[in-house]
Amino acid sequence: MRQDYCPILQKPRGFALSPSCSHAMVKFMETLTEISALIARHVSKDGFHATPIERVTLARSSTVTMPMPNVYRPQLCLVAQGQKEVTLGDRVFRYGPGRYGIVTYDLPVTGQVVEATPDKPYLCLFLDFDPVMLGQLALHVSPPPAAPARPIGKTVSDAGANLPDAVRRLLLLLDDPAALPVLGPLTEQEILYRLLAGPDGARMRQITSSQGRVAQVGRAIAWIGQNFRERFSIERLAAEVGMSPSSLHEHFRAVTAMTPLQFQKQLRLQDARSLMLVQDIDATTAAFRVGSESPSQFTREYRRHFGEPPARDIARLRASPGLAGVA
């Protein structure tokens, strides 16, 4: 082990921290505490909150939540306080204070806040990626030598010292509206730089790449997102993105942790749930609207995915809106 190695959050039991590492950890925790205070000052109620910073959303929850499906856009999520779990396909990602997640494609996930109290709520920041800004930076940033990144479209990692500090300075600009238009884009670029230059650099470049198998999977994801209510075959989707069916199946699963048809099914179920909540329609009507041809099969899949049959699930959500997730 190198003498200057300092595990900020993960360390073996009985591991003795060097003075320099101990100082770094204290500084890191102070930064997280300040980020938590900044978020708490600007969001006093539970839920998602847009900010004057164009691509930044803040989230707060004073209670644990039920698992809630969502479609994550390409974004950074940094948890400052509390904990949450996000499920993508058959993979579960856990966030705690100082852990950040990267999403590189529009992905259907299920999120759940698993640690939060009124005195110590779950607090986090989302930063949607600007592909133009990211692409321009990627031309000038060389990633550090590392093993090739797995193509999975979502990961969770421990933050080092530089990323939270840049996030802290971005949030401070919420209290300085005169400086925000000038310094906001610069600080956002620094955050993207830290990601590009760090261990997630290769994965970040997937967002701007138009070449290779991962880029073709990205086009398949976008195509399904636009056509998920329609029936399609793997052969048709493969032809749309210029891949063989077997290659598409293999690489799609590597990126999304599910098959294209499972991906479509999750989008349909999420869309149907939203229709029932917002438009107050029954399960059969919702099933037909999202493209399902068998209401009974739709109900079985819905119960398997959400844990309750449609009517009971919607009634539960309406009766306990506070349990709806902000993850």
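Located above this text is the structure these notes cover.
Counting of residues starts from 1 at the beginning of each chain's written sequence and follows it residue by residue. Note on the predicted model: pLDDT of at least 70 is required for a residue's local features to be given, and 80 or more for side-chain atom pairs to be given and counted; whole-chain, interface and lining totals, by contrast, use all residues. The side-chain figures draw on all heavy atoms in the structure; neither hydrogens nor water molecules are used.

J.: Account for helix H11 (residues 295–306), with residues named and values stated.
T.: The helix and strand labels rest on DSSP assignments: H or I over at least four residues marks a helix, E over at least two residues marks a strand, and numbering proceeds from the N terminus. Here the expected length of a helix is defined as 1.5 Å per residue gap, with one fewer gap than residues. Taking 1.5 Å as the rise per residue, H11 with 12 residues should run 16 Å; its terminal C-alpha atoms sit 16 Å apart, in good agreement. Where H11 is concerned, the buried positions are Phe298, Glu301, Tyr302 and Phe306. Down the axis of H11, the buried side of the element spans an arc of 110°, and every buried residue falls inside it. Next to the buried residues of H11 lie strand E3 (68–72), helix H9 (260–279), helix H10 (283–289) and helix H12 (310–319). At the exit of H11 stands Gly307, carrying a positive phi of roughly 90°. Throughout this description, buried means an accessible area under 20% of the type-specific maximum (1.4 Å probe, protein chains only), exposed means over 50%, and partly exposed covers the range between. Here, the arc refers to the directions that run from the helix axis to the C-beta atoms. By the convention used here, residues are in contact when the closest approach between their heavy atoms is within 4.5 Å.

J.: Please provide a residue-by-residue account of the layout of surface pockets, values included.
T.: Computed from the structure, the largest pocket encloses a volume of approximately 350 Å³. Together, 14 residues line the largest pocket, and Gln264, Arg268, Ser292, Gln297 and Glu301 are the ones closest to its centre. Those elements that provide at least two residues to the lining of the largest pocket are H9 and H11. Looking at the lining of the largest pocket element by element, the count peaks at 5 residues for H9. Of the residues assigned to the lining of the largest pocket, the class counts are 4 nonpolar, 5 polar and 5 charged. In terms of lining residues, the second largest pocket is bounded by 15 residues, among which Gly160, Leu163, Arg194, Gly198 and Pro199 are the most central. Only strand E10 (154–158), helix H3 (162–172) and helix H4 (180–197) provide two or more residues apiece to the lining of the second largest pocket. If one sorts the elements of the lining of the second largest pocket by residue count, H4 sits on top with 4 residues. Classification convention: Asp, Glu, Lys, Arg as charged; Ala, Val, Leu, Ile, Met, Phe, Trp, Tyr, Cys, Pro as nonpolar; all other residues, Gly among them, as polar. Residue composition of the lining of the second largest pocket, by class: 8 nonpolar, 4 polar and 3 charged. The method works on a 1 Å grid over the protein atoms by themselves. A cavity is a set of points holding a 1.4 Å probe that cannot get out, a pocket is an open set with protein on both sides within 12 Å along at least five of seven lines, and residues with an atom within 4 Å of a point line them. Grid points are joined across faces, edges and corners, and a volume is the space filled by probe spheres set on the points.

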